[in-house]
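Reading the structure
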Amino acid sequence: MKQNFAQCLRWLLHHEGGFVDHPDDPGGMTNKGITAKTYQRWLSETIDEDAVVTEETLRNIPDNHVSQIYRQEYWVKVSGDNLPGGLDWSIFDWAVNSGPGRSARAIQRILKVKADGDIGPKTLAAIREHDAASLIDDMYFRRQAFYERLKTFPTFGAGWTRRNDETREQAHQLAQ
């Protein structure tokens, strides 16, 4: 739901935390969950095609850039404004953590519609035919199974599991 973006962003930023450069994280250097690569691409496409992202640049990413990136690159890509409350958070948080396409394909597989990674009219129609609370739970279980298959689960699994648990709980709050 459109009105849920601000709340979802607050929860997301709590999950993502601040600056991190963990040697085992394939995403590399991040701040507020935004990788240097994502910020570089976004800056080049929207503000300055010659922008260079350094550690200092990423550490000082403005809040309005963070909000715009999350809205444009994740929320809009998973049709967050058109999803039922709660399911919007469930799909959005996983989109940020693992990519919008993966999150979109997960809900499409749950719904047994074409899993093309694009939440369009057919997927939205299928969503309307289901109970949001059940879809939130299905996303939770599918996400957890995905995490547990990753080779980095021993390093990051406890945090991912906590995040998935929190997201499910918060999603159910929004759905009510």
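Below is a short write-up of the structure. Here the structure is a predicted model, which means the values were calculated and not measured. (Residues numbered from 1 in each chain as written. Predicted model: local features only at pLDDT ≥ 70, side-chain atom pairs only at ≥ 80, totals over all residues. Heavy atoms only, no water.)

For the rest of this paragraph, the subject is the packing of helix α6 (residues 100–111) against helix α7 (residues 121–128). One way to put it is that α6 packs onto α7 with a least axis distance of 10 Å and a crossing angle of 55°. The angle between the axes of α6 and α7 places the two elements in the oblique class. Where α6 crosses over α7, the two elements pack in a sense that is left-handed. Contacts between α6 and α7 involve Ile107, Gln108 and Leu111 on the former and, on the latter, Thr123, Ala126 and Ile127. For the contact of α6 with α7, the class distribution of residues is four nonpolar, two polar and no charged. (Axes fitted to C-alpha atoms, helices over the stretch in contact; angles between N-to-C directions. Helix = DSSP H or I, 4+ residues; strand = E, 2+ residues; numbered from the N terminus. Parallel < 35°, antiparallel > 145°, perpendicular 65-115°, else oblique. Left-handed = near helix turned anticlockwise from the far one by under 90°. Contact = heavy atoms within 4.5 Å. Nonpolar A, V, L, I, M, F, W, Y, C, P; charged D, E, K, R; others polar.)

The next thing to look at is helix α1 (residues 5–16). Between its first and last C-alpha atoms α1 spans 16 Å; for 12 residues at 1.5 Å apiece the expected length is 16 Å, and the two agree. If you follow the buried residues of α1, they end up packed against α4 (63–75), α5 (87–98) and α9 (153–175). Directly beyond the C-terminal end of α1, a positive phi value near 70° is found at glycine 17. (Expected span 1.5 Å × (residues − 1).)

Our focus in this paragraph is the pattern of salt bridges. Across all of its chains, the model carries nine salt bridges by this definition. The closest approach of N and O atoms between glutamate 16 and arginine 163, which form a salt bridge, is 2.9 Å. Here glutamate 16, found in helix α1, pairs with arginine 163, found in helix α9; they are 147 residues apart in sequence, far enough to count as distant. The class for glutamate 16 is buried, based on a relative accessible area of 17%. Classification of arginine 163 by relative accessible area gives buried; the value is 7%. A salt bridge links lysine 77 to glutamate 73; the shortest N-O distance between them is 3.2 Å. Overall, glutamate 73 belongs to the buried group, its relative accessible area being 9%. One connected set of salt bridges, linked through shared partners, spans Glu16, Asp93, Arg143 and Arg163. (Salt bridge = Lys/Arg side-chain N within 4 Å of Asp/Glu carboxyl O. Buried < 20%, exposed > 50% of the residue type's maximum accessible area, 1.4 Å probe, protein only.)

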